[in-house]
Amino acid sequence: MYPLRRNRRLRKNDAIRSLVRETTITPNDFLVPLFVVEGKGVKSEIASMPNYHRLSLDLLAHEVKELWAMGLKSVLLFAKVPDSLKDNKGKEAVTPNGLMQRAIKTVKEACPEMLVMSDVAMDPYSIYGHDGIVANGTILNDETCSVLAAMSLSHVQAGADFVAPSDMMDGRIRSIREALDANGFKDAGIMSYSAKYASAFYGPFRDALDSAPVAMENIPKDKKTYQMDPANRIEALRETLMDVDEGADLVMVKPGLCYLDIVREVRNTVDVPLAVYQVSGEYAMIKAAAEKGWLDHDAVMMEQLIAMKRAGADIIASYFAKEAVQLIS
Ligand code: PBG
């Protein structure tokens, strides 16, 4: 008799498929990245990220109310800093009344229950587009950690629930944790970009913030001396374990799709929640292929989000959060 066990019985119709489905996407899975700019009534589309915008603070307030109403309860803020305020020390990054600090307050005023995470890195503030202080053709590690700690402190003073260091300096989680604790912010959390690769998928994000590393003599032309080599796997575990040791509450693998093996391995290795970042280039690829009519936008979007969760991500930072939630509700 030909097979006793027939797996197709469990795929026969939508009802049985729903019943045995192992992974589902809900609004609770998402962290929504938001780009903020100075001005009023500004909603400017990012050229390489169709249907994604930089928002001025008045529209940010509107946006977070809309997200909350959809069940999206966490945002990750990025500030686009005017060139005139950039330097090599991150001076603007620690200004109490800087754009990021005002953005944090804006979200908390508009929607007090919204969980606010803030990006902590120097690149949007750097004349060189680097995540740290540049000196003699290198990125200074420990001096940068001090800036990141001060920056984190100013974000939590403004009301951020979690700071999200995305810079990949050594020891920054510990510097930040100590600075927060020493100033009475024991309950403020840290989501570490712990395994962040030197990826070519960040291009559209650097357009959004105008933060690409500049081409200049004696300035590193890429971020390979601090972000990880895409060829490495064991190193991701070492980075993540160290960040947990130093006090990270949440850890992250970034980018997403090309690194789902790392997501699974980190998930099996650490006992803190794990985020994955589906980055700007991943968003752009789907948008571009769909625009050409070559891929089914919604189907590909959902397939990739499901894959990230199936790989082991507890949290997905994604520019598709709103569209995905609209689709599933
Ligand atoms: C900056 C930062 C980057 C991203 C998040 N934080 C870019 C970079 O490291 O150059 C990328 C996010 C994306 O591409 O969506 N520290």
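In what follows, the structure referred to is the one given above.
Please read all numbers here as calculations on a predicted model, not as lab measurements.

Regarding the overall build of the protein chain
The helix and strand inventory of the protein chain stands at 11 helices and 12 strands. By its C-alpha atoms, the protein chain is 75 × 45 × 40 Å across when sized along the principal axes. Split into buried and exposed, the 329 residues of the protein chain put 54% on the buried side. Put simply, 73% of the contacts in the protein chain that link residues at least 6 apart link residues at least 24 apart. The distance from the centre of the 39 positive side-chain charges to the centre of the 45 negative ones in the protein chain is 7 Å.

Observations concerning the packing of helix 3 (residues 99–110) against helix 4 (residues 141–158)
Running from N to C, helix 3 and helix 4 point in directions that differ by 30°, and their axes come no closer than 8 Å. Judged by the angle between their axes, helix 3 and helix 4 are roughly parallel. Judged by the sense of rotation from one axis to the other, the crossing of helix 3 with helix 4 is right-handed. Residue-level contacts link Met100, Gln101, Ile104 and Lys105 of helix 3 to Ser154, His155 and Ala158 of helix 4. Class assignment of the residues belonging to the contact of helix 3 with helix 4 gives a composition of three nonpolar, three polar and one charged.

Focus: the site of the ligand
In the vicinity of the ligand, 18 residues are found, and the nearest of them are Lys196, Arg206, Lys223, Lys254 and Tyr319. Interatomic distance of 2.8 Å between a side-chain N/O atom of Ser166 and a nitrogen atom of the ligand. Computed on the free molecule, the ligand has an accessible area of 400 Å², of which 100% lies beneath the protein chains in the complex. Split by residue class, the shell around the ligand holds eight nonpolar, three polar and seven charged.

A word on the environment of Leu295
As for its position among the elements, Leu295 is in the loop between helix 9 (280–291) and helix 10 (297–311). Sequence-wise, Leu295 and Leu148 are 147 residues apart; in three dimensions their C-alpha atoms are separated by 41 Å. Ignoring any residue separated from it by four or fewer positions in sequence, one finds Leu295 in contact with Ala289, Ala290 and Val300.

Digging into a nonpolar patch on the surface
Side chains of Leu10, Leu19 and Val20 sit close together on the surface and give an oily, nonpolar patch of about 300 Å² of accessible area. Turning to its location among the elements, Leu19 is positioned in helix 1 (residues 14–20).

Structural notes on helix 9
Its 12 residues give helix 9 an end-to-end C-alpha distance of 16 Å, which sits within 8% of 16 Å, the value for a rise of 1.5 Å per residue. Contacts from the buried residues of helix 9 go to strand 3 (49–56), helix 6 (203–209), strand 11 (274–278), helix 10 and helix 11 (321–328). In the segment just after helix 9, Gly293 is the residue with positive phi, at about 80°.

Topic: the packing of aromatic side chains
Here the structure, examined in full by the defined rule, presents 12 aromatic pairs. With centroids separated by 6.1 Å and ring planes inclined at 45°, the aromatic side chains of Tyr193 and Tyr277 adopt a geometry described as tilted. Taken as a pair, Tyr193 in strand 9 (residues 189–196) and Tyr277 in strand 11 lie far apart in primary sequence, 84 residues in all. Accessibility expressed as a relative area gives 1% for Tyr193, which makes it buried. With relative accessibility at 1%, the residue Tyr277 sits in the buried group. The structure contains a cluster of three or more aromatic residues connected by ring pairs, namely Phe35, Tyr52, Phe78, Tyr193, Phe205, Tyr277, Tyr283, Tyr319 and Phe320. The cationic tip of Lys196 hangs over the ring face of Tyr202; the distance from NZ or CZ to the ring centre is 5.3 Å. Over the face of the ring belonging to Tyr202 we find Lys254, whose NZ or CZ atom lies 4.6 Å from the ring centre.

What to know about the environment of Leu31
Within the secondary structure, Leu31 sits in strand 1 (residues 30–37). With relative accessibility at 1%, the residue Leu31 sits in the buried group. Taking the C-alpha atoms as reference points, Leu31 and Ile315, 284 residues apart in sequence, are found 6.8 Å from one another.

Overview of the environment of Asp161
Structurally, Asp161 can be placed in the loop between helix 4 and strand 8 (162–165). Sequence-distant contacts of Asp161, that is, excluding residues within four places in its chain, are made with Lys108, Met114, Leu115, Val116, Asp187, Ala188 and Gly189.

Observations regarding the side chain of Arg172
Following the sequence through the fold, Arg172 ends up in helix 5 (residues 172–182). If sequence neighbours within four positions are ignored, Arg172 has contacts with Cys145, Leu148, Pro165, Ser166, Asp167, Ser192, Tyr193, Asp243 and Glu246.

Notes on the nonpolar core
Ranked by size, the top nonpolar core spans 104 residues in total, and within it Phe35, Val75 and Leu77 carry the most contacts. Considering each element in turn, this core owes the most residues, seven residues, to helix 10. Not counting the four nearest positions on each side in its chain, Phe35 is found in contact with Ile46, Met49, Tyr52, His53, Arg54, Leu55, Phe78, Phe205, Ala208, Leu209 and Tyr319.

The rules we used
- Residues numbered from 1 in each chain as written.
- Predicted model: local features only at pLDDT ≥ 70, side-chain atom pairs only at ≥ 80, totals over all residues.
- Heavy atoms only, no water.
- Helix = DSSP H or I, 4+ residues; strand = E, 2+ residues; numbered from the N terminus.
- Buried < 20%, exposed > 50% of the residue type's maximum accessible area, 1.4 Å probe, protein only.
- Contact = heavy atoms within 4.5 Å.
- Lys, Arg positive; Asp, Glu negative; His and termini not counted.
- Charge placed at Lys NZ, Arg CZ, Asp CG, Glu CD.
- Axes fitted to C-alpha atoms, helices over the stretch in contact; angles between N-to-C directions.
- Parallel < 35°, antiparallel > 145°, perpendicular 65-115°, else oblique.
- Left-handed = near helix turned anticlockwise from the far one by under 90°.
- Nonpolar A, V, L, I, M, F, W, Y, C, P; charged D, E, K, R; others polar.
- Near = heavy atom within 4 Å.
- Polar contact = N/O pair within 3.5 Å; in protein donor to acceptor, adjacent residues only side chain to side chain.
- Areas by Shrake-Rupley, 256 points an atom, 1.4 Å probe, with all protein chains shown as cover.
- Patch = residues over 30% accessible without salt bridge, like charges linked within 9 Å, V, L, I, M, F, W, Y side chains within 5 Å.
- Salt bridge = Lys/Arg side-chain N within 4 Å of Asp/Glu carboxyl O.
- Expected span 1.5 Å × (residues − 1).
- Phe/Tyr/Trp six-rings, centres within 6.5 Å; stacked < 30°, edge-to-face > 60°.
- Lys NZ or Arg CZ within 6 Å of the ring centre and 35° of its normal.
- Core = buried A, V, L, I, M, F, W, Y, C linked by side-chain atoms within 4.5 Å.

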